[in-house]
Each structure stands twice: as C-alpha cells, then as structure tokens.
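Close look at the chain arrangement
Residue strings, one per chain:
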Amino acid sequence: MFAEYIAYLFDLFTKNMVSIPLIQPIVDYLLQIPLINLIVALILWRPFFAVVIAPGLGVLILYLLYIVWFERKLTARVQWRVGPLEVARPIRGAIQALADGLRYFFQEAIVHNEAHRPYFIQLPILAFIPVLLPILFIPAGNVVGIKSPFAIQLIVSFIALIPVTVVAIGWASNSRFAYIGSVREAFMYFAYEVPFIIAVMSMIFLYGSGDPFIAVEKQTIPGAFLNPVAFIVFIIAMLMATSRLPFDIPEADQEIAFGPFVEYSGILFGLAMTLAYEKLYLMALLFTLLFLGGWSGPEFYLLGDLMPVIWLLLKTIVVISIIALVRSIYARYRLDQALRIGWTSILALSLVALVIGVIGAWLA
Amino acid sequence: MMRIEKVRPNLIKTIKDHIDAISVAAKQAVKPDRITIEYPRERRKYPDNFRGFIVFDKDKCISCFRCAHICPANAIVMEDYDNRYPSIDYAKCIFCHFCIDSCPTGAIKTSKVHDVAFKSLDEMCLHTTQITKIPEIVRKEEKYTVEYSVERGVWKLVKKRKLDNLEVEVPPPEVKVRKAACIDPESCLGCRLCKRVCPQDAIRLEECEVSPDLEITGTMCVLKIDVEKCTGCGLCVRQCPMQILVLEEVKE
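Residues numbered from 1 in each chain as written. Chains lettered and ligands numbered in written order. Predicted model: local features only at pLDDT ≥ 70, side-chain atom pairs only at ≥ 80, totals over all residues. Heavy atoms only, no water.

A count of helices and strands for chain B gives five helices and 14 strands. In summary, chain B has a C-alpha radius of gyration of 30 Å against a globular reference of 18 Å for 252 residues, an excess of more than 25%. Principal axes of the C-alpha set define a box for chain B whose edges measure 115 × 65 × 45 Å. Across the 252 residues of chain B, 31% fall into the buried class. (Helix = DSSP H or I, 4+ residues; strand = E, 2+ residues; numbered from the N terminus. Rg over C-alpha atoms; globule rule 2.2 N^0.38 Å. Buried < 20%, exposed > 50% of the residue type's maximum accessible area, 1.4 Å probe, protein only.)

In structure tokens, the structure reads:
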C-alpha cells in the first residue's frame, strides 16, 4: 500500500519535471537511487519548483537579503556615505541583511502590556499568506504553480489583501504611533488601489486575457510601449503600495517611527519589516509580466526550462534596483498631497490608460 | 504691498527639475563624489600644527612649571625625578596645547596621534616616562595616507600608498638665554620664597643673625643668584611678593 503510494507520487513528480539539460546526467543518476530519487523528483517537480525555489520562496529570501543591502548601499552612495561595510568587508558588507536577520532571530520579541497579545503575535506571520499566495499563480515559462486564465486578476487581488494585514498589525499593537501608521496605511490604500487596478485592467483589455502566458505571447513590443500611460501609473502605484520614499507615509521613520510596526521587536519585527519588500517583489514580478515582456528573452539550450525563470528574475531585479534609487531622490509627500495625487492626476491618467487599452483591444 | 500668492505649477520646469534630480542621483550612484576616509585603514594627513598627543623631551626641559601653571584644565602635574617633569592626565586634557605654546625651550611638542584611547580612568594619567615618545601603533591594515584637496569648492581625496609620519619635527624655538636678577635689592623683604622655590638651588641668601644682646653678626639679608646654576626658569620671578626679581637677557 505504502510502496504503491510512493510509486504513484514518484510517477506524478517525474511526469512534470523541470528539464535542465545541463544537470540532466546528474538528475538521471540520482533518480536511480531509492529515496533520494523521490526528493530530487519533488524538488524538480514544476509546481514545487515554482513555488518553493524560483520564482517562489527561495528566490524571495535571496532577494530580501540582496535588496536590503543594495538599497542601503545605493542610498549611501548617493548621500556620500559608505553604508553597511564591516560585516564581510571584502564583499562590501553584502551579508549585512543576513547578519541583521540572525540578530532579529536571537533577540527577545517583547509583547507590551497594551497589545492584543494573540493578534500581535499572529499577524506578522499571517501577513505572509497574502504574500505567498500570489507566487502560486506567477508563471516563469513552463515553471508554474497553478495555471489559471485569471492569474493576473488573482495576483492583484491577493496583493490587495496585504494592506489589510498591515492595518490589523497596527490595530493589534494598540499604541499611538501604530494607530497613526495604520490609519495612514489605510488612507494610502485608498489612494493607490483604484488607479493600480484600473492600470492592470487596461493591460488585461489590451492583451484580451488575464492569462500571463497570453500576455507575454502578445508582447512582441514590450507592454511599456504599448501603453506608456499605464506604465507610469503602475510605477507610481507601486511606489505608493510598497511605501517607498516619495510615499513613505505609513512608515515615516522620522515622524512615527515605522508606523504600524513600531512596537515590534525581534523576529516579529524582522517579519513585519520585510512585508513592504515582499510586496515590492510581487508587484515588480507583475510589472515585468505586464510591461517588460515577462520571461521572453534569448533562449539558451543548456539551461532549458531554467532560462525563462532567469530572464523573469533578472528583469524583476533590474526594475527593483532602479526603483530603489527613487528613495534617495525625493522627499516625503504629506498624506493629503498623496491622497490628492491619487484621486486626481493618477486616477485621470489611469482612466486614459484604460481608454488606450480599450482602443488597443478594439484595433486588434 | 507684498502679497503671498499660490505657486503656479510650471509643468515644463517641474519635469526639468525631476530629470535634473534623477540624473544627479544616477551620477552619484555610479560615481559618488564622497570624501569619506576609512579611518583605521587609511591615515589622514594632518597638518604639522595638529593638536594631538603631547610628546615630552626630558633633555630640553628646564622644569620651569610653565606648562603646569598655564594648563586651564589642571591636567599637568609635575612629577619628581632628578628634576621636576610634567605628567599629563588625559582624563582632564582638553588638547588646547597651551602648554606647548608656553614651553620656552620646546621640550614638549605636539604629534599627529589623535586616537588616544584608554581602557580605564587610571590609565589615562600618563607619567613622564610614558610621554617621552609617541605610542606604538599596531595596525596591519593601515596602508594609505589620504589628503583632502579642494579646487574651486570641489573636495577630492588624494590617496597615497605611503604612511604619513606621525611625529612632528618642530624647529627649536629661538631661546634667548635669560637669567634671574634682582632689580631692587633695597626692597627685599627677606621672605626667602625664591630660595625655597628654586629647583636648581641657585639662589643663596647671606644671612645675618641678631643675638639677644642686639649684636649683629654677618651682613644684611642679601640675595645672591648663582648665574652658573640658574636656568632662567623664572619660578622665583613669579614667587617674589615684592616683584623685584626679573629675567634679564644675558648679553654676549
């Protein structure tokens, strides 16, 4: 019975494996060894590979280590500082984020008296659910968790859930700064969400489907040139959504000391702090899919199925690295200014983008 | 009449400003103009008159106490060896270097050692024997000397692969030989403060004694300064309550 079950699983995994000609001999050899073959088959099983390794959890963690260091380093360069350096000096402090993460891990996570204890502890962990769910639907070539014709809509809707958890975190903290921060987060949510969804909608109209495969297929010219207005709206909405510096309003360090996350410490703070970065990763992936041609790029035979993954991640990382520069250029908007921008010019631009999308669909 | 008006947004100027800001940031991100010195690894070139660790030269010292007297923080205490030499308490020292300016013979001088750190308060009081040379610096990674250069308001770093010498060579001050002398012996009180304070025992008093029968033996109370022994430190000049002692230049 048990052996049959294992055989069934093994069969299921091997039918749908990521094919990488470069390591194929090693995989073939490993598949002949009992027990190890099951693990290898599981790792190379396409849905598992997409969700847990790339572009899923594994790459997400590597990306977090990279972006925290890169952003600090880039901002420091622009501001004539040096930035993180002393942790692993030969590589210019590149493992600073790892060191910080380890420190968070061993630090005491303090829960203050006024906090709603169960929610306070649960919410940073629960906040990962809307972060991890969109990864199921983000395809990279043939490597995909769940294939769905409504993948883009699903990704957008899961991303829209993240601010709810942030507001809940601020509420559970039950302190002044956290309260102000979560209210600001809610306001910013109103400011960007409508233009953001309309911009995505215009692209769905343009491609005629919410399926990323069709979207990527139709982008012989990158979507950024097909609908530049939606491109601009998406970028600004992305800055607002991830509370990066021109719209760093909910987390404003200098005013309300990290806003909703002010009471957190230890590993809980580590989890809460990376939320915005994870959101940025998801939105940048969506951005790449919609505007930069997704995983399309020159093929390379030896890497096989891995090549689209590499192209997708490369484009995403480049987008994120460029966006990180914005932090050192602009000062923070006031809440009312950001709301005004969101409901006037950005909304108007997004409607223009929608018109362009509809006209494009009609022409096609 | 002045009137405050709402700023009218100028779209073209706004876009130009945005592009300016972004291009400056991009330029700095690629090639920053930063002028940070990576301190323990790079040594900044300091000027020769840098106010750093104080170095003492015993051979030049004439024990005049001027450093101890002028010190505004009371950091200098004279210690007793074959003569009186200064010791410096770095817990008090404010690095004003008045002591160096006041030294008539250039026995204490500055150095470019600026990172004087101690493990405890007791260690901060450096004895005379500890300040005769600059502390040994053990720093393997220190390889470069860095200097700021400013051209038309633009700051740049000039890096050289050579370590700057931390010791400062100061030309010895032009010392005019001066000796103590009494300008008005008539006014001398005979208080003998000058004799007591003289570190060289150069002042001698010819004493007179008055017996109970009012017989006076010896001459009057007369001050005699031994010119050979006098170093011209001026301690007696400062002590004299009648201010009749001066330092006179020795004419060749």
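Now for the overall build of chain A. Helices and strands together make up the secondary structure of chain A, namely 19 helices and zero strands. Expected size for 364 residues packed as a compact globule is a radius of gyration near 21 Å; at 22 Å, chain A falls within 12% of this value. On the principal axes, the C-alpha backbone points of chain A span a range of 60 × 60 × 45 Å. Scored against the burial criterion, the 364 residues of chain A give a buried share of 52%. Once local pairs closer than 6 in sequence are excluded, the contacts in chain A between residues at least 24 apart make up 77%. A gap of 8 Å separates the mean positions of the 21 positive and 21 negative side-chain charges of chain A. (Contact = heavy atoms within 4.5 Å. Lys, Arg positive; Asp, Glu negative; His and termini not counted. Charge placed at Lys NZ, Arg CZ, Asp CG, Glu CD.)

This paragraph deals with the domain arrangement of chain A. Think of interface size as the accessible area that goes away when the parts come together; that is how it is often given. Residue and element names in this part refer to chain A. Taken domain by domain, chain A holds domain 1 (2–44) and domain 2 (112–363). Domain 1 puts six residues into the contact, and the matching count from domain 2 is seven residues. When domain 1 packs against domain 2, the two sides together hide about 510 Å² of surface, and 71% of this comes from carbon and sulfur. Where domain 1 packs against domain 2, one counts zero salt bridges. In this assembly, domain 1 and domain 2 are joined by zero residue pairs in polar contact (both at pLDDT 80 or more). (Domains from an automatic or database assignment. Buried area = accessible area lost by both parts, 1.4 Å probe. Salt bridge = Lys/Arg side-chain N within 4 Å of Asp/Glu carboxyl O. Polar contact = N/O pair within 3.5 Å; in protein donor to acceptor, adjacent residues only side chain to side chain.)

Residue and element names in this part refer to chain B. Alternating positions in strand β10 (residues 203–206) separate cleanly, I203 and L205 being buried on one face and R204 and E206 remaining unburied on the opposite face. In this structure, β10 lies alongside strand β13 (residues 222–225), joined through four bridges in antiparallel fashion. In the strand pairing of β13, I203 is matched with I225. (Pairing = 2+ DSSP bridges.)

On to the interface of chain A and chain B. Residue-level contacts link 13 residues of chain A with 14 residues of chain B. Counting the surface lost from both chain A and chain B, the interface buries some 1300 Å², and carbon and sulfur atoms represent 55% of this. Linking chain A with chain B are three salt bridges. With three residues, helix α5 (residues 57–78) of chain A is the largest single contributor of residues to the side of chain A that touches chain B. Tallied by class, residues from the side of chain A that touches chain B come to eight nonpolar, no polar and five charged. (Nonpolar A, V, L, I, M, F, W, Y, C, P; charged D, E, K, R; others polar.)

As enumerated under the stated definition, the model contains 18 salt bridges over all chains in all. Two residues, E38(B) and R92(A), come together in a salt bridge whose shortest N-O distance is 3.7 Å. Remark: R92(A) occurs in the loop between α5 and α6 (96–106) and E38(B) occurs in the loop between α1 (11–30) and β1 (42–44); the pair is interchain, linking two chains. According to the relative accessible area criterion, R92(A) is partly exposed, its value standing at 32%. Linked through salt bridges whose partners overlap, the residues forming this network are E86(A), R89(A), R92(A), E38(B) and R41(B).

If you walk through the whole model with that rule in mind, you get zero disulfides over all chains. In this structure C125(B) is a free cysteine whose sulfur lies 12 Å from that of C93(B), the closest cysteine sulfur available. (Disulfide = S-S within 2.5 Å.)

The relation between two aromatic rings is expressed through the spacing of the ring centres and the mutual angle of the planes. Here the structure, examined in full by the defined rule, presents 26 aromatic pairs over all chains. Cluster of aromatic residues (ring-pair linked, three or more members): F196(A), F231(A), F234(A), F287(A) and F291(A). If you follow K159(B) out to its NZ or CZ, it ends over the ring of Y144(B), 4.6 Å from the centre. (Phe/Tyr/Trp six-rings, centres within 6.5 Å; stacked < 30°, edge-to-face > 60°. Lys NZ or Arg CZ within 6 Å of the ring centre and 35° of its normal.)

Time to look at the nonpolar core. If you look at the biggest cluster of nonpolar residues, it comprises 108 residues, and the most contacted ones within it are Y63(A), F196(A), F234(A) and L290(A). Among the elements that make up this core, the one with the highest residue count is helix α17 (residues 275–291) of chain A (13 residues). For this core, the domains that each give at least three residues are domain 1 (2–44) and domain 2 (112–363) of chain A. Excluding its chain neighbours within four sequence positions, the residues that come into contact with F234(A) are F196(A), V200(A), M283(A), L286(A), F287(A), L290(A) and F291(A). Core analysis: the second largest hydrophobic core is formed by 31 residues, V55(B), I62(B), I108(B) and L235(B) among them. (Core = buried A, V, L, I, M, F, W, Y, C linked by side-chain atoms within 4.5 Å.)

Our focus in this paragraph is the domain arrangement of chain B. Residues and elements named next belong to chain B. Taken domain by domain, chain B holds domain 1 (40–160) and domain 2 (178–249). Taken residue by residue, the interface counts seven residues in domain 1 and eight residues in domain 2. Summed over both partners, the interface of domain 1 with domain 2 comes to about 590 Å²; 47% of that surface belongs to carbon and sulfur atoms. Here domain 1 and domain 2 share zero salt bridges between them.

The subject of this paragraph is the packing of helix α16 (residues 266–273) of chain A against α17(A). Residue and element names in this part refer to chain A. At a closest axis distance of 4 Å, the pairing of α16 and α17 adopts a crossing angle of 30 degrees. Relative to α17, the element α16 lies roughly parallel. Residues L271, A272 and M273 of α16 form the contact with α17, whose participating residues are L275, A276 and Y277. Residue composition of the contact of α16 with α17, grouped by class: six nonpolar, no polar and no charged. (Axes fitted to C-alpha atoms, helices over the stretch in contact; angles between N-to-C directions. Parallel < 35°, antiparallel > 145°, perpendicular 65-115°, else oblique.)

Here the focus is a nonpolar patch on the surface. Residue and element names in this part refer to chain A. On the surface, a cluster of nonpolar side chains totalling about 740 Å² of accessible area is made up of F177, Y179, I180, V183, F187, F190, V194 and W343. At seven residues, helix α11 (residues 176–207) tops the list of elements feeding residues into the nonpolar patch. Looking at the secondary structure, you find Y179 in helix α11. (Patch = residues over 30% accessible without salt bridge, like charges linked within 9 Å, V, L, I, M, F, W, Y side chains within 5 Å. Areas by Shrake-Rupley, 256 points an atom, 1.4 Å probe, with all protein chains shown as cover.)

Across chain B, the average pLDDT comes to 82, with 97% of residues at or above 70. Among the prediction metrics, the complex's ipTM stands at 0.71, with pTM recorded as 0.75. (pLDDT = per-residue confidence, 0-100.)

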